[in-house]
Amino acid sequence: MDLVKEIKRLKKEKNAVILAHYYQVAEIQDIADYVGDSLGLSQKAAETDADVIVFAGVHFMAETAKILNPTKTVVLPDLNAGCSLADSCPPDSFEKFTKAHPDHVVITYVNCSAEIKALSDIVCTSSNALKIVESVPKDTPIIFAPDKNLGKYVIKETGRDMLLWDGSCIVHEAFSMDKLIELHKKYPDYKIIAHPESEEHILNTATYIGSTSGMINYVKEHQEEKFIVATEAGILHKMQQEMPYTELVPAPAVEDNTCACSECHFMKMNTMQKLYDCLLNESPQIEVPEPIRKKALLPIERMLELSK
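Note that the structure is a prediction, hence the values are computed from the model and not measured.

Rules of the game
Residues numbered from 1 in each chain as written. Predicted model: local features only at pLDDT ≥ 70, side-chain atom pairs only at ≥ 80, totals over all residues. Heavy atoms only, no water. UniProt positions renumbered as here; feature names shortened; annotations may be inferred. Helix = DSSP H or I, 4+ residues; strand = E, 2+ residues; numbered from the N terminus. Contact = heavy atoms within 4.5 Å. Polar contact = N/O pair within 3.5 Å; in protein donor to acceptor, adjacent residues only side chain to side chain. Pairing = 2+ DSSP bridges. Axes fitted to C-alpha atoms, helices over the stretch in contact; angles between N-to-C directions. Buried < 20%, exposed > 50% of the residue type's maximum accessible area, 1.4 Å probe, protein only.

## Details of the UniProt feature "binding site: iminosuccinate" (unreviewed entry) in the chain
Part 1: As annotated by UniProt and renumbered to match this structure, "binding site: iminosuccinate" (unreviewed entry) occupies H21, S38, Y109, V110, N111, S126, H195, P196, E197 and T212.
Part 2: As for its placement among the helices and strands, S38 is situated in helix α3 (residues 38-47).
Part 3: If near-sequence neighbours (up to four positions away) are discounted, S38 is found in contact with H21, F60, M61, V110, N111 and T125.
Part 4: Structurally, the position occupied by E197 is in the loop between β9 (190-194) and α11 (200-203).
Part 5: Within polar-contact distance, the side chain of E197 engages the side chain of Y109 at 2.6 Å.

Below, the structure written as structure tokens:
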């Protein structure tokens, strides 16, 4: 069976849209209607007129699409495609944490569950975290969750004193400083660009720090340069497609794995076969209980409004 042909046929038949994150496998990125970062994907999900949204990403992303589109069918190729960062923030513990600091505005990074978003005042992504934090009056204290590395970066850039939740992404914490130094010795004229979910010592080596779309745009503006890219290695596919002559090397991870780079096991759970199956069967579907959906919608809408 020609999966590409069949997926395209089903997509047309069912008035479906395929939204994919930059960390998906290359074949899925190539067949998607839109490939983007969390902010871009949220914006596309909010404005789509498709009846079926196939979200090639992880669970919290599909959940966000469902929160924005309660009457549409939202499917995820693999229901087990979770997120280590979202898992690091259990709703019960986080609710206790927020209740202990009732005067704080709660800003949560989009990489969290619907229950966590429902406990939040504003949601942010790595693209707009600085803008969202700066939108809060200076004398108002802030809780920032769940990513402590992104939180530390925002504190450094804005000078705001924020209370951080102790969460992190295993992919972005997997970069090896020793291996990065070795790699830079091998490629001394390559500039390091990094995602703000990375640890501080990695960010300190970077020429540019930004979201996945920010990194792509930075490389686009500096195509004559060469880069070591410190984020999930899936981004290199889109970067190389858009900038075929720019030399790119993925930053090395601590563990010895097949690509010697940092890959998100959850993102790579989605395959072309699963994409076809979920479109054919319109399953597994993402559902969000209505009381949680309504509460979670408000901070997402605030973010979208502030991101215009």
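Moving on from the model shown.
## A few points about the sheet that holds strand β5 (residues 105-109)
Part 1: The four strands are arranged β6-β5-β7-β8 in an open sheet whose pairing can be described as parallel. Across the chains shown, the open sheet's two edge strands, defined by having one partner strand only, are β6 (122-124) and β8 (162-164). Direction aside, the axes of adjacent strands within the sheet are offset by 25° on average.
Part 2: Sheet topology places strand β7 (residues 142-145) next to β8; three bridges connect them, and they run parallel. Counted as the bridge partner of I142 is M162 from β8.
Part 3: On the sheet, helix α9 (residues 148-158) packs against β5, β7 and β8 and is oriented at approximately 165° with respect to β8.

## Points about α3
Part 1: Three or more residues of α3 are buried, namely S38, L39, G40, L41, S42 and A45.
Part 2: On the buried face of α3, the contacting elements are β1 (16-21), β2 (34-36), β3 (52-56), α4 (59-68) and α15 (290-306).
Part 3: The backbone nitrogen of G40 has a side-chain oxygen 2.9 Å away, supplied by the residue at the start of α3, namely D37.

## As for the side chain of T158
Part 1: Tracing the sequence through the fold places T158 in helix α9.
Part 2: Since its relative accessible area comes to 18%, T158 is described here as buried.
Part 3: A distance of 2.7 Å separates a polar side-chain atom of T158 from the backbone oxygen of V154.
Part 4: Polar side-chain contacts of T158 include one of 3.2 Å to the backbone nitrogen of R160.
Part 5: Once residues within four sequence positions are removed from consideration, T158 is found in contact with L130, V133 and E134.

## Details of the UniProt feature "binding site: [4Fe-4S] cluster" (unreviewed entry) in the chain
Part 1: Within this numbering scheme, the UniProt entry marks C83, C169 and C264 as carrying the feature "binding site: [4Fe-4S] cluster" (unreviewed entry). With the annotated positions falling across 182 residues, the maximum pairwise C-alpha distance of 9.4 Å places them together in a single cluster.
Part 2: Within the secondary structure, C83 is located in the loop between β4 (73-75) and α5 (84-87).
Part 3: In this structure C83 comes out as buried when scored by relative accessible area, which is 12%.

## Considering the environment of L41
Part 1: Among the secondary structure elements, L41 is positioned in helix α3.
Part 2: Taking relative accessible area as the criterion, L41 reaches 1% and is therefore assigned buried.
Part 3: Linking L41 and G159, residues 118 residues apart in sequence, is a C-alpha distance of 29 Å.
Part 4: In this structure L41 touches L19, A20, H21, Y34, G36, F55 and M61, once residues within four positions along its chain are discounted.

## So, unusual backbone geometry
Part 1: Here the bond from A145 into P146 is cis, since omega is -10°, no more than 30 degrees from zero.
Part 2: Residue P284 is reached from S283 by a cis peptide bond, and omega for that bond is 0°.
Part 3: For N15, which is not glycine, the phi torsion reads 50° and is therefore positive.
Part 4: Checked against the element boundaries, N15 lands in the loop between α1 (3-13) and β1.
Part 5: Taking the relative accessible area as the measure of exposure, N15 reaches 34% and is therefore partly exposed.
Part 6: You will see that E282, though not glycine, has its phi angle at about 50°, which is positive.
Part 7: Relative to the helices and strands, E282 is located in the loop between α14 (272-281) and α15.
Part 8: Judged by its relative accessible area of 25%, E282 is partly exposed.

## Examining the sheet that holds strand β10 (residues 208-209)
Part 1: Taken together, four strands build an open sheet; the order of strands is β10-β9-β11-β12 and the sheet is parallel. One side of each edge strand has no neighbouring strand; the edge strands of this open sheet are β10 and β12 (248-250).
Part 2: One ladder, built from five bridges, connects β9 with strand β11 (residues 226-230); its direction is parallel. Residue pairing in the sheet places I192 in a bridge with I228 of β11.
Part 3: Contacts from helix α13 (residues 235-242) reach β9, β11 and β12 within the one sheet, and its direction differs from that of β12 by about 180°.

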